[in-house]
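# Fold and contact review
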Amino acid sequence: METPTTLTGLLRRIAAKFPSRRAISVAGKFDLTHSRLNELVDLAAAGLVSAGIKTGDVVALTFPNTVEFVILFLAVIRARATAAPLNAAYTEEEFEFYLSDSESKLLLTTSFEGNKPAQAAASKLNIPCGSASLTQAEGNEAELSLSLNQPESELDSVNSLPGLSNDPSDVALFLHTSGTTSRPKGVPLTQHNLFSSVRNIQSVYRLTESDSTVIVLPLFHVHGLIAGLLSSLGAGAAVALPAAGRFSASTFWKDMIKYNATWYTAVPTIHQIVLDRHLYNPEPVYPKLRFIRSCSASLAPVILGRLEEAFGAPVLEAYAMTEASHLMASNPLPEDGPHKAGSVGKPVGQEMAILSETGRVLEAESNGEVCIRGPNVTKAYKNNLDANTTAFQFGWFHTGDLGYFDPDGYLHLVGRIKELINRGGEKISPIEVDAVLLSHPDIAQAVAFGVPDEKYGEEIQCAIIPREGSHIDEAEVIRFSKKNLASFKVPKKVFLTDSLPKTATGKILRRLVAEHFISQT
């Protein structure tokens, strides 16, 4: 069989190589083999094509962590369309922006309860909606019901995709990454980008068909989607999804044991929750893990040490971002070298350099901007000339992070050039929050900023100047924020003031605002 260069090609080869091995489980409900998963993906892809989805069309998906999402995501990219996973917690206004900006042609949701804000936004934009559900048929065989405004029986007769082959340049995934402007940037990732990242992840962690994991992160995010799900499936390994469709500390270790898990990947917030539960409500037995992976936010060395002591496995911190199809650097497994607390490890599968502001490559132990290039890196943001001009200078992609290499070649991050707030791995644009706050009729000025937080790494707070004569209070600001922002973007503390700190030239700097109000707490 020809060596694949696409994610779809890799998964089809795995289905042929390990047809009867478990691919995906829904905890306590059912299992799918790699062969059956591939059949369901082809069936759903054929349904999408017969419903009019064409090469390059964007299909938005908003689901909890369900097997339906996995099948439909893979079906969309199998059909040579572009999958755009969206956070189910978005408000109607946020869905409207993301659906419009991605130019989605179809919205897919779960058929059980759907997603009313997403469906309302799609209706406003005249975007058709579809849904799917997986059920157990006779003989314990899983069957997919797909509703795409056409008779479901048509899908039963369409079980192949004649003449439809995936190309490495097909845009398979479209995600938004919050920037330092109020408009999040659209990141298109190709089949080859995803294939390259999956192979990089498999290589550094030595993933094989003998591995198994439980997905604890949302699949609309690159960390859970690529590192947890796709890298496992691409290695012939197995994944389990929690029955509730999201992480649950009370069932996590039970699922890990039931499905013979050998590793898991999570953000520091979840590691902290798992560790806290172990300290106050330990399990009678824990599985023997090859490694534990941490990514998407900085993991404090003290927490890394406690995790290793508690669960008897090396904790490997990694560095990733959407524009790189997730992985950029990672600490190695013990058999491949030491792992260093406080470092995000060595580059994996791409070139990485520390550049000066003039594009000069800096030597070890010199601080500069972390820059990368390689087959996993997006070619450009969608329709954003200014961002592309800035981000792709000197032939490198500029991450916006400051760091340095130590003499052993391990990367250490020392800060962010960008002003993103990193709350437990969720990147939040403070200017996006500002814009929502300023839409309140009683708010004259607003500045959102991040503050250190033990649980989430950073938490979001804001300072506002009320309009003259208004009686707005903190409760009203938070109520308004909850109505107009996803829950993870809502400020947790509001400072009401009559002035904001400025530079000598009268410019309001977010850093100064943050320092001023943090000093008051």
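To start, this report covers the structure provided alongside it.

Cut-offs applied
- Residues numbered from 1 in each chain as written.
- Predicted model: local features only at pLDDT ≥ 70, side-chain atom pairs only at ≥ 80, totals over all residues.
- Heavy atoms only, no water.
- Buried < 20%, exposed > 50% of the residue type's maximum accessible area, 1.4 Å probe, protein only.
- Helix = DSSP H or I, 4+ residues; strand = E, 2+ residues; numbered from the N terminus.
- Pairing = 2+ DSSP bridges.
- Core = buried A, V, L, I, M, F, W, Y, C linked by side-chain atoms within 4.5 Å.
- Contact = heavy atoms within 4.5 Å.
- Salt bridge = Lys/Arg side-chain N within 4 Å of Asp/Glu carboxyl O.
- Phe/Tyr/Trp six-rings, centres within 6.5 Å; stacked < 30°, edge-to-face > 60°.
- Lys NZ or Arg CZ within 6 Å of the ring centre and 35° of its normal.

Our next topic: the pairing of strand β8 (residues 171-177). Taking burial as the measure, the seven residues of β8 include six buried ones, the bulk of the element. Relative to strand β9 (residues 185-190), β8 runs antiparallel, the two sharing six bridges. Pairing of Phe-174 across the sheet is with Pro-188, part of β9.

One finds Ile-71, Leu-74, Leu-108 and Leu-229 to be the most contacted residues of the largest nonpolar core, which totals 92 residues. No other element matches the 10 residues that helix α3 (residues 67-78) contributes to this core. Not counting residues up to four positions away in its chain, the partners in contact with Ile-71 are Leu-32, Leu-37, Leu-40, Val-41, Ala-44, Leu-134 and Leu-144. The next biggest cluster of nonpolar side chains, apart from the first, holds 31 residues, and it includes Leu-107, Leu-437, Val-477 and Leu-485.

In this section: the pattern of salt bridges. According to the stated counting rule, one finds 18 salt bridges in the structure shown. Between Arg-12 and Asp-42 there is a salt bridge whose closest N-O contact spans 3.0 Å. Taken together, the residues Arg-12 in helix α1 (residues 7-17) and Asp-42 in helix α2 (residues 34-50) connect sequence positions 30 residues apart. With its nearest N and O atoms 3.0 Å apart, the salt bridge here joins Glu-432 to Lys-489. Taken together, the positions of Glu-432 in helix α13 (residues 430-438) and Lys-489 in the loop between α14 (474-484) and β25 (493-496) put the pair 57 residues apart, joining distant regions of the chain. Glu-432 gets classed as buried once you look at its relative accessible area, which sits at 11%. Given a relative accessible area of 2%, Lys-489 falls into the buried group. Several salt bridges converge on common partners, so that one network encompasses Arg-12, Asp-42 and Arg-78.

Next up on the list: the packing of aromatic side chains. Evaluation of the coordinates by the stated rule reveals 20 aromatic pairs. Ring geometry for Tyr-381 and Phe-392: centres 6.3 Å apart, planes at 70°, overall edge-to-face. In this pair, Tyr-381 is assigned in the loop between β18 (368-373) and α12 (385-391) and Phe-392 in the loop between α12 and β19 (397-405), connecting sequence segments 11 residues apart. Pairing Phe-392 with Phe-397 gives two aromatic rings, centres 5.3 Å apart and planes at 55°, and the pair type is tilted. Exposure remark for Phe-392: the relative accessible area of 24% places this residue in the partly exposed category. Through a chain of ring-to-ring contacts, three or more aromatic side chains come together here, namely Phe-247, Phe-252, Trp-253, Tyr-264, Tyr-286 and Phe-311. For Lys-340, the ring lying beneath its charged end belongs to Tyr-410, and the centroid distance is 4.5 Å. In this structure, Arg-373 is placed above the aromatic ring of Trp-396, and the distance from its NZ or CZ to the ring centre is 3.8 Å.

Here we take up the environment of Ile-273. By the secondary structure assignment, Ile-273 is in helix α10 (residues 268-280). Sequence separation between Ile-273 and Ala-249 is 24 residues, and the spatial gap between their C-alpha atoms is 7.2 Å.

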